[in-house]
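Each chain, letter by letter, is given below.
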Amino acid sequence: MPKQPATAATPEPFTTVIGLEVHVQLLTQTKLFCGCSTTFGRPPNTQVCPTCLGLPGSLPVMNRRAFDLAVRAALALECRITPFTKWDRKNYFYPDLPKGYQISQYDLPFSSDGHLEVVDPKGAFSRRVGIIRVHLEEDAGKSMHDEGAGTGDSRIDLNRAGTPLCEIVSQPDLRSPQEARAWLNELKLLLVYLGVSDCNMQEGSLRVDANVNLHIPLPAEGGGDARVAKTPIVEIKNMNSFRSVERALTYEAARQWEEWQATKVEMGTIPKQTRGWDDPAGVTRPQRQKEESSDYRYFPEPDLVPVTVTEAEIAAARGAMGVPPTALRAALAEKWKISAYDADVLVNQGRELVSWYEDLATRVGEGKVASNWMQQDVLRTLNERGGTIAEFPVTAEQVADIIGRVQRGEFDTSRGREIFAEVLASGKAVADVVASMGIAAVSDDDLVALCKELLAANPKIVADVKGGKEQAAAGLIGQAKKKNPNANPGKVRQTCLDLIKGM
Amino acid sequence: MQLLELSAVDLVTAIRRGEVSAVQAAEAFLDRITKLDGSINAFLHVDRTAALARAADVDKRRREGKPLGPLAGLPVAVKDALCTSDQPTTCASKMLAGYRPPYDAHVVARLRQADAVLVGKTNMDEFAMGGSNENSAFGAVHNPWDLARAPGGSSGGSAACVAADMAPVAIGSDTGGSIRQPAGLCGITGLKPTYGRISRRGLVAFASSLDQIGPMARSAADCALVMETIAGHDPGDATSLADDVPRYTDLLEKPLTGLRIGRVPEHFGPGLDPEVAHGVEEAFAAFKAAGATIHDVELPHAKYGIATYYLVAPCEASSNLARYDGAHYGHRAESGSGHRSAAKAGGEFESPLVEMYCRSRAEGFGPEVKRRIMLGTYALSAGYYEAFYAKALRVRRLIRQDYLDAFAKVDLIGGPVSPTPAFPLGEKTSDPLAMYLVDMYTVGTNLAGIGGISFPCGFTKGGLPIGFQLQGPALSEPLLLRAADRYQQLTDWHSKRPPLPA
Amino acid sequence: MALSRQDVAKVGLLARLALSDADLDRMTGELSKIVGFVSQLEELDTAQAAPLAHPLDTQNVFRADEPKPSLTTEQALQSTPRHDGSCFLVPAVLGESGAA
């Protein structure tokens, strides 16, 4: 069992170097090369036709929308779009690949050389990660093996076969498992914002493989120069969540460090290894290598014609792209005068929530106050309840109503929270909740009467305040709340101080 | 018997006028098939009941005065490489024995829409790989002119059935000469249209950048008639051309005065049978007499055509035929090992799945298909791609450029379609390379993606047909058909019938 | 150009074709001969010729993202050697390949 990773207090004696390869299914209605639906979760082999079954004589025709979405993804990742692109066949035998080849892109991917930056809002890291290439290819079907069935057969469902996929390959620019997870979150957010993919990992519409190794600085020895040793690169597969990506990379870095200490084996001396992540066991295990698996015999797909993209088309695609999260964060922070951290939290919840927030902020007229309510009340409740902001039972208008009443001094913030909770629970209008909870603004006369009563009952506090300890007045506020929950604490305090001064 | 001799154009007219019923026509050809095909083996499947029902429907609609398609009642035979939803589609391979596609090929659908009557599926070289039809898993086809000889291939069944009057027209496919060469050896007319002129959807792929469907008939005029139905854009084939389809039958009559036909001196080098050479020269003379001018042109890289073709086609085929692995359809080897994996010491397969793949394919494919899959796999594999596949693509560019240069000087290029007349069955089966050379005059057309037509231009002393080939630039089908038709108006080679029982 | 028996065996596995010892012997001879023949292309200088993979000059052929009817499961499985009424059945697959 590898040791636990070193904590921040004891820096690691190596650098973890990580590159990611991400596949996302594009949000099209139909498959990449045929008119079959891409809806997830239908009974097996109900969304198949001669083309995606690879029947004799069938031919592919490219889905326009899939290509456009792929270009949008590439533009969002700041990639260069090549003016001329083509597709190639990647040949290998597997039952989930009915043609015996995958239509993919080999030497002329439609885009390359991009980047996506991830900034930790708490300032722990900031990393600009290069994108080597983004290309468009078809997905394979699903093979299911039921050990318990006892038949020894695998079952093949080709509903997924031919679904459009974008493959996004990053440079090995990430330097920790935490960064990798954060970067994936940022990538997912971007693609969801732009409507490229729903990035639902449970449904397989986003899949990640990771390449990882360690760079280990070695001191000069025996008259030689100091150098950096690199451990063999390992590709990790079978990670089903971003959390498991982080865990798998953490495990793998520790494992490689232990192996390095024992063997001193460096990159390039052994073939690249593939390991699978076993989530319940929390370990990576070596995967069986397919023989001659790397000889895919790529050649140009003769059933498709090349695609050319003009500068004007790229400009149009850029114009239709929508605002990416990074720009939206900056715009929110500036427009509503909220912190970068708050803007980050809001944007990370998705475009609908940002709209909801802006609606609230507009009604309240103060972005900061609206943001505080979002973070402390709306988001907390939303997280507890689950679901989306569109399904949230309290409207922005209602929350604005509550905040407005607090701002006008009808009641204090904590009382406002109770009202928010009651509106949420009962579904009643804010005004009705305020009335039913007996909340009414306390008149000045009532307040003075209340304060006089309190001062009479607390001679010690009166004496302390007179002796210069104004903070002793705080003891009166709790008692005031008990006697009249609607009493505004600030007003109680001020009134008491004024009364004592006049005594 | 008279009915069998009618041209397709005349037969369609007679049926439309009610002079002949579609059922009468279908019965005549179906009876002929029953009578002769035992000795020719041109058909892999004949559905008499369906054909007669279809013909009866045409007759009924004609009587009711309902609109009829342009090929109403015309019996058509279709190469077994085209998918038919109501008949098996086997590509003459054990791999697809009994396979029934759930859809019709685009061309088949168009024939049905035109009210043609599909009489059956014709024999061929397995997966269209071969030049003699001896590579069929269901037995060789016999040449109607001499049953001991090959009809050529791969569309040998389509050529033989038209030559033997078992169908007035047939559909073939041509990847390196598979329409033109058997047409030449069987004494009929066959058109290989420009790549993309006819949709390939539903044509079982051999080499996707070379494959093209085309008509085979007794005359160019009949080919023109069929072309009007089967040519044209198909949104379901990304490589089909969007260009308008001309009325080919209306464009046949213009005289050939001023037509420039190229003659390639290298075509007449060693390897060309003297009788064939003579027949071809006679044809040039006939074209000259018809007003055309003959000019020597160079195709400097033509001699590399076969080598180029036998890299490009097998490379694509090795990928196109990967789908026949026993997993989803077609032949699957029974479990229990009779084979070993030659690649591993001890002969163990790495998994039951790999064993199933390897054994299903070993059992399902015949020797020539395996050879080409092996050759293509090798030529695309790591370390060989540049030397073989990429090299062949560069030569392919040079070959196409030769044609572009030649067509700047002449309108068409004429010459032999194959180096010899029909050869005896079994003569070349033990020498794959010798068999490959029968394509030497035809592969260039496919590599360049242009059009070509083959038609009879004489007979050997032994009574075997000699074929003449015209090649033309992209989308020159109207000119190719017209030139062949004008020739056939001046000669009667295409009207000669093989010595078969009446 | 001669191929070794081992070369041919390796290609056989890549092409998923089981080859008996006799097959291997015959195929090694035949392939060597054919490869020798096609190697005549080496004599040509093709430095100035760009590869031509396809005869068409056409570009940008697309279809709209509009659903079309699929086959029924029954049709999809109609020619399948082994199935269970909803899925194709094949000898055990280890792990899922997904799209690589």
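Quantities reported herein were computed from a predicted structural model and do not represent experimental measurements. (Residues numbered from 1 in each chain as written. Chains lettered and ligands numbered in written order. Predicted model: local features only at pLDDT ≥ 70, side-chain atom pairs only at ≥ 80, totals over all residues.)

### Brief notes about the overall build of chain A
Rule in force here: Per the convention used, a helix needs a DSSP run of H or I reaching at least four residues, while a strand needs a run of E reaching at least two, with both numbered from the N terminus. Radius of gyration: C-alpha atoms only; globule rule: 2.2 Å multiplied by the number of residues to the exponent 0.38. Exposure criterion: with C-beta atoms placed from backbone coordinates, a residue whose C-beta has 20 or more other C-beta atoms within 10 Å is buried, one with 12 or fewer is exposed, and one in between is partly exposed.
When helices and strands are tallied, chain A shows 16 helices and 18 strands. Over its C-alpha atoms chain A spans a radius of gyration of 31 Å, topping by over 25% the 23 Å that the globule rule assigns to 503 residues. By principal-axis analysis of the C-alpha atoms, chain A measures approximately 95 × 65 × 55 Å. Burial statistics for chain A: of 503 residues in total, 45% are counted as buried.

### Some points on the interface of chain C and chain B
Note the cut-off: Any two residues are considered in contact once their C-beta atoms, placed from the backbone, lie within 7 Å. Throughout this entry, Asp, Glu, Lys and Arg are counted as charged residues, while Ala, Val, Leu, Ile, Met, Phe, Trp, Tyr, Cys and Pro are counted as nonpolar. The remaining residues, Gly among them, count as polar.
On the side of chain B, 57 residues touch chain C, which itself brings 46 residues to the contact. Of all the secondary-structure elements, those providing two or more residues to the side of chain C that touches chain B are helix 1 (5-14), helix 2 (21-38) and strand 2 (88-91) of chain C. When grouped by side-chain class, the residues that make up the side of chain C that touches chain B number 32 nonpolar, 9 polar and 5 charged.

### Things to note about the sheet that holds strand 7 (residues 260-263) of chain B
Residues and elements named next belong to chain B. Rule in force here: Two strands are said to pair when DSSP picks up at least two bridges between them. Fitted lines through C-alpha atoms serve as axes, helices being fitted only where they are in contact, and the angles separating the N-to-C directions of these axes extend from 0 to 180 degrees.
What the 11 strands build is an open sheet, ordered 1-3-2-4-6-5-10-11-9-7-8; its pairing is mixed. Looking at strand neighbours, the two that pair on one side only are strand 1 (43-46) and strand 8 (293-296), the edges of this open sheet. Looking at each pair of strands side by side, their axes are set apart by 30° on average, direction ignored. As judged from the 3 bridges shared by strand 2 (residues 75-79) and strand 4 (residues 169-174), these two strands associate in the parallel manner. Among the inter-strand pairings, Val-76 is bridged to a residue of strand 4, identified as Val-169. Helix-sheet contacts for helix 16 (residues 477-490) involve strand 5 (189-192), strand 9 (412-416), strand 10 (451-459) and strand 11 (465-472), and the interaxial angle to strand 10 is about 10°.

### Let's talk about the confidence of the model for chain B
For clarity, the threshold we go by: Values of pLDDT, the confidence the predictor places in each residue, fall between 0 and 100.
Confidence along chain B averages 96 in pLDDT terms, with 97% of residues attaining 70 or more. Scored as a whole, the predicted complex attains pTM 0.91, and scored at its interfaces, ipTM 0.96.

### A closer look at the domain arrangement of chain A
Put simply, the test is: Domain delimitation in this document rests on an assignment produced automatically or drawn from a domain database.
Domain parsing of chain A yields domain 1 (15-145 + 152-220 + 242-314), domain 2 (323-436) and domain 3 (444-501). One C-alpha centre belongs to domain 2 of chain A, the other to domain 3 of chain A, and the line joining them spans 33 Å.

### Let's talk about unusual backbone geometry
Between Gly-153 of chain B and the following residue, Ser-154 of chain B, the backbone shows a cis peptide bond with an omega angle of 10°. Located in the positive-phi region is Asn-45 of chain A, a residue other than glycine, with phi close to 55°. With respect to the helices and strands, the residue Asn-45 of chain A is situated in the loop between strand 1 (15-25) and helix 1 (50-53). Look at Asn-45 of chain A and you get buried, because 28 C-beta atoms sit within 10 Å. In the Ramachandran plot, Cys-199 of chain A falls in the positive-phi region, its phi being about 50° despite a non-glycine side chain. On the basis of neighbour count, Cys-199 of chain A is assigned to the buried category, with 20 C-beta atoms found within 10 Å.

### Describing the packing of helix 8 (residues 220-230) of chain B against helix 16 of chain B
Residues and elements named next belong to chain B. Let me state the cut-off plainly: Reported orientations rely on four angle classes, namely roughly parallel under 35 degrees, roughly antiparallel over 145, roughly perpendicular from 65 to 115, and oblique for the rest.
Viewed as axis vectors pointing N to C, helix 8 and helix 16 meet at an angle of 150°, and their least axial separation amounts to 8 Å. Taken as axis vectors, helix 8 and helix 16 run roughly antiparallel relative to one another. On the side of helix 8, the interface is formed by Ala-220, Ala-221, Cys-223, Ala-224 and Met-227, while helix 16 contributes Glu-477, Leu-481, Ala-484, Asp-485 and Gln-488. Taken together, the residues that form the contact of helix 8 with helix 16 break down as 7 nonpolar, 1 polar and 2 charged.

### Some details on the interface of chain B and chain A
At the interface, 35 residues of chain B touch 26 residues of chain A. For the side of chain B that touches chain A, the leading source of residues is helix 10 (residues 305-320) of chain B, giving 3 residues. Grouping the constituent residues of the side of chain B that touches chain A by class yields 18 nonpolar, 10 polar and 7 charged.

### Concerning the nonpolar core
This is how it is decided: Joining buried Ala, Val, Leu, Ile, Met, Phe, Trp, Tyr and Cys residues through C-beta atoms within 7 Å gives a set, and that set is a nonpolar core.
Of all hydrophobic cores here, the largest spans 283 residues; its most connected members are Ala-70 of chain A together with Val-76 and Val-119 of chain B. When residues of this core are assigned to their parent elements, the largest contribution, 10 residues, is made by helix 3 (residues 22-40) of chain B. Setting aside chain neighbours within four positions, we find Ala-70 of chain A in contact with Leu-26, Phe-110, Val-134, Leu-136 and Cys-166 of chain A. Counting residues in hydrophobic clusters, the runner-up holds 29 residues, among them Trp-356, Tyr-357, Ala-361 and Ala-370 of chain A.

### Re the domain arrangement of chain B
The figure often quoted for interface size is the accessible area lost as the parts come together. In terms of domains, chain B is made up of domain 1 (2-261 + 411-495) and domain 2 (325-360). Placing the centre of domain 1 of chain B and that of domain 2 of chain B at their C-alpha centroids yields a distance of 38 Å.

### Focus on the environment of Arg-110 of chain B
All names here are of chain B. Mapped onto the secondary structure, Arg-110 falls in helix 5 (residues 106-113). Judged by C-beta crowding, with 21 C-beta atoms within 10 Å, Arg-110 ranks as buried. Considered as a pair, Arg-110 and Asp-222 are 112 residues apart in the sequence and their alpha carbons are 17 Å apart. The contact partners of Arg-110, leaving out residues within four places of it in the chain, are Thr-229 and Ile-230.

### Quick notes on the environment of Ile-171 of chain B
Residue and element names in this part refer to chain B. Relative to the helices and strands, Ile-171 resides in strand 4. The exposure class of Ile-171 is buried, given the 30 C-beta atoms found within 10 Å. When the C-alpha positions of Ile-171 and Ala-77 are compared, they lie 6.3 Å apart, and in sequence the two are 94 residues distant. Those residues in contact with Ile-171, other than ones at most four positions away along the chain, are Val-76, Val-78, Lys-79, Leu-82, Val-107, Ser-158, Ile-213 and Pro-215.

### Brief notes about the sheet that holds strand 2 of chain C
Reading across the sheet, the 3 strands line up as 9(A)-10(A)-2(C) and stay open at both edges, with antiparallel pairing between neighbours. Lying at the two open borders of the sheet, with one neighbouring strand each, are strand 9 (142-145) of chain A together with strand 2 of chain C. On average, each strand axis in the sheet is tilted by 35° relative to the strand beside it, whichever way the strands run. Pairing analysis gives 4 bridges linking strand 9 of chain A to strand 10 (residues 153-157) of chain A, with the strands arranged antiparallel. Bridged to Ser-143 of chain A within strand 10 of chain A is Ile-156 of chain A.

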